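Analysis of the macromolecular model
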Amino acid sequence: MSHYFGKSLTRISALAGLTVRDAARSRLLVSLGGILIIGLIGLPLLISGDNTLTRRLQVILNYTLSFAVTMLSIVTLWTACGGVSSEIQDRRLYLVLTKPVHRYELWLGKWLGIVALNALLLTLTGFIIGIMIWHTLFTSPESETGKRQACEQFLLARQSRLPESPISEKQAQASAAALVKSGRAPAGIDAAQVATELMKELKNARFVIAPTGTVHFTTLITTPLSGINDGLLNYKIESSRPERSPIPALWEIQAAGKKAIHLSVTNYPGLPNRLLIPGAVMKNAPSLTLSYHRLDSSSSATLFMAQNGQEPELLIPSGSWAMNLGRGLLMILCRLAFLSALGLTAGCLLSTPVAVFAAFFIMVLLAMSGYVESVATSGAFYIPHEGHELSKTWLDKVILSQFKGLNRLTQPLLRLDPVPLLEEGRRISWLLTTQAVAWLVGLYTAVTALIGMILFNRRELG
Amino acid sequence: MMKDEELVIEARDLTKVFLDFWGRPKVRAVNGIHLDVRRGEIFGLLGPNGSGKSTTIKMILGLLHPTSGQLSVLGQSPRAVSVKSRMGFMPEESYLYKYLTADEILNFYANLYGMTGSAKTERVNALIEQVGLSQARDRRVGEFSKGMARRIGLAQALLNDPDLILLDEPTSGLDPIACREVKDLLLALARQGKTILICSHHLADMQDICSRVAILLQGEVCATGSVQELLSTPDTLKLTLQAPSQTTLMAVLDLLERETGTRPQVDLTGRTLESVYIETVSKRKSAS
């Protein structure tokens, strides 16, 4: 048995090696490496903006990674589609398949070769990003304090902490049950719905800021912090009035048993804000109480902090940026591994141009998974028919069910995308990384591979 | 151990129909052929273009599946991977990875046979030597002439010391000396008990080395048998002798005409261009 596996492993590694060598000798690797280097270095120079250190770091993190991932995704699909189909077309595969090679070994060998290429290029990407950040910091004319602040803001992995709910779920359910029992709840609504609405209302009410008013909320910090690194508070203010005049305000931040600190800010409605919270305040604190004091007594507009995923969010330091980037790149590799499987499976069944077209179509579909999700949840693509009320036709129902199915398929891909997390400096946990490996490689790739192998095994090479 | 007369390839009523996109029959490439290839023989598959030779070869290689009929190769289904470890195939075109060197190509295919270590190195070195590519082992196959590509193609077909060797136009693109060497190599392999199936348009070469042939036309076997059987006709003889005097020759011809009713044809037999070429080049090589 071990002899069989040994031989099988020799064949698979020979095929994987051939794929890497093919890319290297056909100059694909060199060309792509060149484009990556030029793009990764050139893009931040082109989009340097106001040329401040923070802006340049932001550009390096935000654009270069997206550029590299887009490039690698396209090339991965192209290589994977041609990996089998082009060899069938020029008949090189005929000779390989007259050797004692199982077709699944051929599929696996090709896939491993493409994944190895991706790993190589992703390592190069990470290396270039690291060097660029180091070079930007090293050559910046900013003061040491400015450099430290920029590093604090961008080069740190942070975990998200959301404000504590003003009421627990159990309390809400109990109150809702009491309301329903006393007959004060509207007819036809059950206790669960009342509890949901109650929690929503309380949350909304808590973030309303009247002129010269104040909002308070508490955020738990479960892991004690060393206090060396600063935290970040992300928040957004909305106004009841259309005018966008600046709002002077004061943040009061207090940890239990410590003296409060005050930070003056000026906010513009509708724009995201980022406030650096000194690490010393959070040091060993179990929780923070944050208060926002509005200072514009002349304005009569009611302000409120944004809801629905944009609530005030405290980002606390959690691990090194380099490790976070490493985990992020591993997640990207998992996505590329899935794309390789998709391309190879398409290439096993279709000719190269058709396989490329089909695979790109699927990739676009996956890239649109956010849109798909919103359509599937809101049904926003309905167009009312003239003279009719907004009602679903059979076509609407069919399309919506397809969107829902697609949404189920693409949800893990959307959730396990590390690029937005890396861009925002959020921590990518080992749990999330493991989930990416399990979902993208263990499930998506495995299922795609299985389909590809079964169909390729049945295919005749005439 | 296999018996001497054991059938290495056995096709019974073998049919291959290609279908169109909608699954309707489009072409009947092979139509109910019977084929027996025995151990140790060199079997030639002849026929014009489109006669079904390539389709038959592809079915033997397990690349195509028969529509109906039975096909057994080395006692098993041709799709079984274990059969392929006992087969070697040299295609007509050079279906090789052009960016690899001769050495890398052979090592790659040796890996596919599961060969490792010194056994692999020794086998690769021996074959490179045998096909005369020692000087070009580090050159990329893409830079090879057609003849050199054929040699490396032959070397990869012999990597696993196969029991059954399938060759598609093995002498195409080779110079006469290389062609002779290949033919001698094939005859030697057959003497070692290897079974060889050749597909070729070079009828002279086929006549030189094949023990049996089958002629295919429109997917059917038109004629099959040993080369001698097919070439010999019972009412015609070819007599080769030292040229006698004119009087004796005329007397013999008259006698034969009276006996058979037709005047016998007399030709002068000379050397072939191939023998002159080989002799000249060999002499020049040994002198230099």
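Further remarks concern the confidence of the model for chain B. Considering every residue of chain B, the mean pLDDT works out to 88; 97% of them sit at 70 or more. The secondary structure element of chain B with the lowest average pLDDT is helix α10 (residues 273-287) of chain B, at 75, and the one with the highest is strand β4 (residues 68-73) of chain B, at 95.

Let's shift gears to helix α2 (residues 28-46) of chain A. All names here are of chain A. Counted at 1.5 Å a residue, the expected span for α2 with its 19 residues is 27 Å, and the 25 Å between its end C-alpha atoms agrees. Within α2, the full set of buried residues consists of Leu32, Gly33, Leu36, Gly39, Leu40 and Pro44. Turning to α2, the residues buried within the fold contact α3 (53-89) and α5 (103-139).

All names here are of chain B. Under the criterion given, the structure shown has 25 salt bridges over all chains. Across the pair Arg12 and Asp36 runs a salt bridge, and its minimum N-O distance is 3.0 Å. Taken together, the residues span a long stretch of sequence, with Arg12 in strand β1 (residues 7-19) and Asp36 in strand β2 (residues 25-38) at a distance of 24 residues. Owing to a relative accessible area of 28%, Arg12 belongs among the partly exposed residues under this scheme. One network of salt bridges, with partners in common, ties together Arg180, Lys183, Asp184, Asp205 and Asp208.

A few words now on the domain arrangement of chain B. Residues and elements named next belong to chain B. Once the domains are mapped, chain B shows domain 1 (7-231) and domain 2 (246-287). Here the C-alpha centre of domain 2 lies 36 Å away from the C-alpha centre of domain 1. The interface is formed by 4 residues belonging to domain 1 together with 5 residues belonging to domain 2. At the boundary of domain 1 with domain 2, total buried surface from both sides reaches about 410 Å², with 72% on carbon and sulfur atoms. The largest share of the area that domain 1 buries against domain 2 comes from Pro176, Ile177 and Arg180, three residues that together contribute 86% of it.

Turning our eyes to something else, we now look at the interface of chain A and chain B. Counting residues at the interface gives 29 residues for chain A, matched by 29 residues for chain B. For chain A, the biggest contributors to the area lost against chain B are Arg25, Leu95 and Lys99 of chain A; these three give 23% of the whole. In this assembly, chain A and chain B are joined by 3 salt bridges. Note that Lys16 of chain B is salt-bridged to Glu460 of chain A, the shortest N-O span being 2.6 Å. Elements that contribute at least two residues to the side of chain A that touches chain B include exactly α1 (2-25), α4 (92-97) and α15 (430-458) of chain A. Considering each element in turn, the side of chain A that touches chain B owes the most residues, 9 residues, to α1 of chain A. A breakdown of the residues in the side of chain A that touches chain B according to their chemical character gives 10 nonpolar, 5 polar and 14 charged.

Residue and element names in this part refer to chain B. Taken in spatial order, the 3 strands line up as β2-β1-β4 in an open sheet, and their pairing is antiparallel. Two strands lie at the open edges of the sheet, namely β2 and β4, each paired on one side alone. Sheet twist, expressed as the mean angle between neighbouring strand axes with direction ignored, is 20°. Here 5 bridges tie β1 to β4, and the two strands are oriented antiparallel to one another. Across the sheet, Ala11 pairs through a bridge with Leu71, a residue of β4. The strands that helix α1 (residues 53-61) touches are β1, β2 and β4; relative to β2, the one it contacts most, it runs at about 65°.

Right, let's talk about the pairing of β1 of chain B for a bit. Bridge analysis of β1 of chain B against β2 of chain B gives 9 bridges, and the strand direction is antiparallel. Directly across from Leu19 of chain B, in β2 of chain B, lies its bridge partner Pro25 of chain B.

Moving on: the packing of aromatic side chains. In this description, an aromatic ring pair is defined by two values, namely the gap between the centres and the angle between the planes. All names here are of chain A. If you walk through the whole model with that rule in mind, you get 11 aromatic pairs over all chains. Each ring, one from Trp251 and one from Tyr292, has its centre 5.0 Å from the other, and the planes form 65°; the classification is edge-to-face. Here the residue Trp251 occupies a position in strand β5 (residues 247-255), and Tyr292 occupies one in strand β8 (residues 287-294), the gap between them amounting to 41 residues. Each member of the pair, Trp251 as well as Tyr292, is classed as buried.

Procedures and definitions
Residues numbered from 1 in each chain as written. Chains lettered and ligands numbered in written order. Predicted model: local features only at pLDDT ≥ 70, side-chain atom pairs only at ≥ 80, totals over all residues. Heavy atoms only, no water. pLDDT = per-residue confidence, 0-100. Helix = DSSP H or I, 4+ residues; strand = E, 2+ residues; numbered from the N terminus. Expected span 1.5 Å × (residues − 1). Buried < 20%, exposed > 50% of the residue type's maximum accessible area, 1.4 Å probe, protein only. Contact = heavy atoms within 4.5 Å. Salt bridge = Lys/Arg side-chain N within 4 Å of Asp/Glu carboxyl O. Domains from an automatic or database assignment. Buried area = accessible area lost by both parts, 1.4 Å probe. Nonpolar A, V, L, I, M, F, W, Y, C, P; charged D, E, K, R; others polar. Pairing = 2+ DSSP bridges. Axes fitted to C-alpha atoms, helices over the stretch in contact; angles between N-to-C directions. Phe/Tyr/Trp six-rings, centres within 6.5 Å; stacked < 30°, edge-to-face > 60°.

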